[in-house]
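Structural description and commentary
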Amino acid sequence: MIVGNTTVARPGSLRESEKAREQGGLSGRPLFRLSTRVLAETFVRAENAFPLIAAGGVDSGATAIAKIKAGATLLQLYTGLIYRGIDVVTEIKEDLTAALKRGHRSSLASMVGSDAAAITADSWPA
Ligand SMILES: Cc1cc2nc3c(=O)[nH]c(=O)nc-3n(C[C@H](O)[C@H](O)[C@H](O)COP(=O)(O)O)c2cc1C
């Protein structure tokens, strides 16, 4: 299951109020916290019945790792490619490899969903 798509919500962090009033789905960095929360909620409820694909604000190694810890087995990105170019994919892969080496692990599998319960216990992102 891909979690999720864009949002029609307008988070308080948006700086350009005129653009924030435009209709349609918001993607990218301002969507990161909300989509990561929904991902964690889905991971907790799905109980490993199927793999989850994270979408929403993945644009770096740090956001990729956060999505994996929230429950993603696969990552999807669109807006990050527009702002950062295709090199962002190489950067993410290098950062994931570095995270594995730091943790002396051979696989990211044990990282999947490791933060999900803690994320769902937090207050809902504004
Ligand atoms: C310009 C644009 C077009 C999109 N078109 C589609 C689409 O046709 N079908 C779909 O399921 N999602 C579509 N999406 C949503 C993306 O697949 C993705 O779920 C969303 O942008 C969040 O990821 P991101 O923050 O990495 O962009 C589109 C997003 C953008 C920005």
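Look up a bit, the structure's there.
Since we're looking at a predicted model, the values are computed, not measured.

Moving on, we come to helix α2 (residues 32–46). Compared with an ideal rise of 1.5 Å per residue, which puts 15 residues at 21 Å, α2 spans 21 Å between its outermost C-alpha atoms and is within 8% of the ideal. Among the residues of α2, Phe32, Ser35, Thr36, Arg37, Leu39, Ala40, Glu41, Thr42, Phe43 and Ala46 are the ones counted as buried. On its buried face, α2 sits against β1 (2–3), β2 (53–55), α3 (61–70) and α6 (116–121). Of the residues one or two after α2, Glu47 is the one with positive phi, at around 50°.

What surrounds the ligand is a group of 13 residues, the closest being Asn5, Gly28, Gly57, Tyr78 and Thr79. The backbone of Gly28 places a nitrogen or oxygen atom 2.8 Å from an oxygen atom of the ligand. Between the ligand and the protein, one listed contact pairs an oxygen atom with a side-chain N or O atom of Gln76 at 3.1 Å. Protein chains bury 59% of the 600 Å² of accessible surface belonging to the ligand in isolation.

As a further point, take the sheet that holds strand β3 (residues 74–76). Spatially, the 3 strands line up as an open sheet ordered β1-β2-β3, and their pairing is parallel. Edge positions in the open sheet fall to β1 and β3, since each of these has one partner strand only. The pairing of β2 with β3 spans 3 bridges and is classified as parallel. What sits directly across from Ala54, in β3, is Leu75.

Rules behind the numbers
- Residues numbered from 1 in each chain as written.
- Predicted model: local features only at pLDDT ≥ 70, side-chain atom pairs only at ≥ 80, totals over all residues.
- Heavy atoms only, no water.
- Helix = DSSP H or I, 4+ residues; strand = E, 2+ residues; numbered from the N terminus.
- Expected span 1.5 Å × (residues − 1).
- Buried < 20%, exposed > 50% of the residue type's maximum accessible area, 1.4 Å probe, protein only.
- Contact = heavy atoms within 4.5 Å.
- Near = heavy atom within 4 Å.
- Polar contact = N/O pair within 3.5 Å; in protein donor to acceptor, adjacent residues only side chain to side chain.
- Areas by Shrake-Rupley, 256 points an atom, 1.4 Å probe, with all protein chains shown as cover.
- Pairing = 2+ DSSP bridges.

None of this, on its own, says anything about what the molecule does.
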